[in-house]
Every structure is written in C-alpha cells, then in structure tokens.
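Now for the letters of each chain:
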Amino acid sequence: MAEHRAKKRFGQHFLHDQNIIHRIITVIDPKHHQTIIEIGPGKGALTFPLLEHLDILHVLELDRDLAQALSKKYAAKKNIVVHCVDALSYDFREISNQHLHIVGNLPYNISTPLIFHLLRYHHSIDDMVFMLQEEVVDRICATPGNKDYGRLSVMVQAHCHAEKLFTVNPGAFSPPPKVMSAIIKLKPHNIFLKKIIDPPGFAHIVKLAFSQRRKTLRNCLKGALEKNQIIDLNIAPGARAETLSVDDFIQLANSYHEENQ
Ligand code: SAM
C-alpha cells in the first residue's frame, strides 16, 4: 500500500504489534463459515490474519483512500467484501440478520455512539470483539456503586454480557494514541430485554436518571415518575442513579410505561 498519512478525524491509529494482533485474532477465534464484519480495517492489520481463516469477510471502511487501497491489495482474493460506508449509520442487517460476529480496532472518537448504534442489531449479533479506549471499556463493564458506572454501563449490560480481556499500550499503534486501550468482548443476551416492556422508554428513563449525576433519582425523574411510584418499587427516591442495578432501571421503566399507556 502506498504511504498513507494517518487522519486524525477518522481516529486512525494503526496496529503494528504482531503479538497483540495475534492475541486479538485468538480472542476472535474466527471459523471459516462465520459471517464476520470488521469495522475500520485501516491498512489491514487484523484483516489479513482474519482472511486466512474465513470463507468471506466483510469490512466497513469510511476512509475512501484506505477502502480503495484494500480493494486493490486484495483484488486477487475472492473472500473479502469492502464496503466504503460510515459504520455509524450502516444497517448491519444488509449483510445478514443473524449470527453476525463484529470485530474491530474502533475509531475512538466515535466509539460510544457506535456501540449504541450496534445495540440496535443485538438480535442479529452472536458476539463482538473490539479494541477501545481502556476508559470506555471500564465504563461499559462497571458495576453499581463504581465511579465509572453510568448510562453506557446500564445500556450495554442490558443487551450484552461484557468482559474486559486485556489492555494494550500506546506503543502497539502507529501513531500511538494518548490513552491506554483494552480489548472487550460483548455477547448479546436476552436476560434483561425480555423483562423490558418498552425498550425506548427504558432508554429514556436511563438517560434521565443519569442526566444530572449529583442529583437524586427523584429529582432526575421529576415529570416522569412520582416519588411514591419509586418507593412502591422498593427503590429509595433519595438514591443516586449510579447505585441502581440494571433490574432497578427495568422496574422504573416498566412503571413509567404503565403510567403512560
Ligand atoms: N484496523 C486497523 C488497525 O488496527 O490498524 C485500523 C484501526 S483505526 C483505530 C480505525 C479505523 O476506522 C480507520 O481505518 C478509520 O479510517 C476507520 N473509521 C473511522 N471512522 C469510521 C466510520 N465511521 N465507519 C467506518 N470506518 C471508520
């Protein structure tokens, strides 16, 4: 590939550490029949080792220069489909509506909205393995009472089992990012979703509850749920959102739904 200057606006930090690349591929554990989608293949650090294991690999790359270079580089290979698209607005069901495996060293500048976008397709996804900023991985995996626990933790954990696997130093990338990175595995499940009556209402209540971190639940939910409704659910209205479990949020959201039918 001709020399490509990393573009900051696309969050480009290219992996070059072969040991880290090998560890990520081991975690992904690609099987030839699987439908794997790589988000942000860049110059192909993960793409080439993945291709060796797969009948077909779909890659989504927003940078036209990189997408073209990848298409050229792999022109002789029949098992790669390069989609020059924005993963943030991509409809993943265009590839398949079941058993998707989604992987990638994600552009950190859009990682949170991208995760929220992917949650919409959780019924179609078997698992996801991503490199993210370590701070974002810690927020996703945090438990109630932890300082990192917030809207992102509740929303991801309501849809997926989340596991932090290992950390990656900035030196593994070129150019190196300013932050530590980590690998996370997300496995969609239905444990919580089957209890949620109205998913958009759930998302609304979680957003409201964390809208003002210093305020109590009662204050944050003013206009949506009354103090007595919160007490009826055995939840303290004076508590702060960061102390509530995913199940507590489901109860609040279901009560909100019943009131607003
Ligand atoms: N996978 C490569 C690696 O590990 O070396 C590159 C990773 S780099 C952190 C992120 C990649 O995502 C870049 O190639 C960037 O151009 C691409 N990208 C950025 N925003 C994107 C978007 N919205 N949709 C798809 N790809 C995007």
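Overview of the structure. (Residues numbered from 1 in each chain as written. Predicted model: local features only at pLDDT ≥ 70, side-chain atom pairs only at ≥ 80, totals over all residues. Heavy atoms only, no water.)

1. A short note on the environment of Pro 175
Here is the rule: In DSSP terms, a helix is any run of H or I states spanning at least four residues, a strand is any run of E spanning at least two, and both are numbered starting from the N terminus. The classification of residues rests on relative accessible area computed with a 1.4 Å probe and restricted to protein chains. Under 20% of the type maximum is buried, over 50% is exposed, and intermediate values are partly exposed.
Along the chain, Pro 175 falls in the loop between strand S8 (173-174) and strand S9 (181-188). Looking at Pro 175, the relative accessible area reads 32%, which means it is partly exposed. Remark: the alpha-carbon pair of Pro 175 and His 13, spanning 162 residues in sequence, is separated by 5.4 Å.

2. Some remarks on the site of the ligand
Condition: We call a residue near a molecule or strand as soon as one heavy atom of that residue lies within 4 Å of the molecule or strand. Two N or O atoms form a polar contact when they lie within 3.5 Å of each other; inside protein one atom must be a possible hydrogen donor and the other a possible acceptor, and for residues adjacent in sequence the pair counts only when both atoms belong to side chains. Areas reported as accessible are Shrake-Rupley estimates using a 1.4 Å probe. Residue values count occlusion only from the protein chains shown. When residues are sorted by character, Ala, Val, Leu, Ile, Met, Phe, Trp, Tyr, Cys and Pro go into the nonpolar class, Asp, Glu, Lys and Arg into the charged class, and all the rest, Gly among them, into the polar class.
Around the ligand, the surrounding shell holds 23 residues, and the nearest of these are Leu 15, Gly 40, Glu 61, Asp 86 and Asn 105. The side chain of Gln 12 places a nitrogen or oxygen atom 2.9 Å from an oxygen atom of the ligand. At 2.8 Å from a nitrogen atom of the ligand is found a main-chain nitrogen or oxygen belonging to Gly 40. Here the ligand, which alone exposes 600 Å², has 98% of that area covered by the protein. Each residue belonging to the shell around the ligand can be placed in one class, and the counts come to 13 nonpolar, six polar and four charged.

3. Describing the nonpolar core
Operational definition: In this text, buried Ala, Val, Leu, Ile, Met, Phe, Trp, Tyr and Cys residues form a nonpolar core when linked through side-chain atoms within 4.5 Å. The domain boundaries here were taken from an automatic or database domain assignment.
In this structure, Phe 130, Phe 249 and Leu 252 are the most contacted members of the largest nonpolar core, which totals 58 residues. If you tally residues by element for this core, the top one is helix H10 (residues 246-259), at six residues. Among the domains, domain 1 (8-189) and domain 2 (194-259) are the pair contributing at least three residues each to this core. Residues Leu 15, Ile 80, Val 168 and Ala 172 belong to the second largest nonpolar core, which totals 25 residues.

Fair warning: the whole summary comes from geometry, so function is off the table for now.
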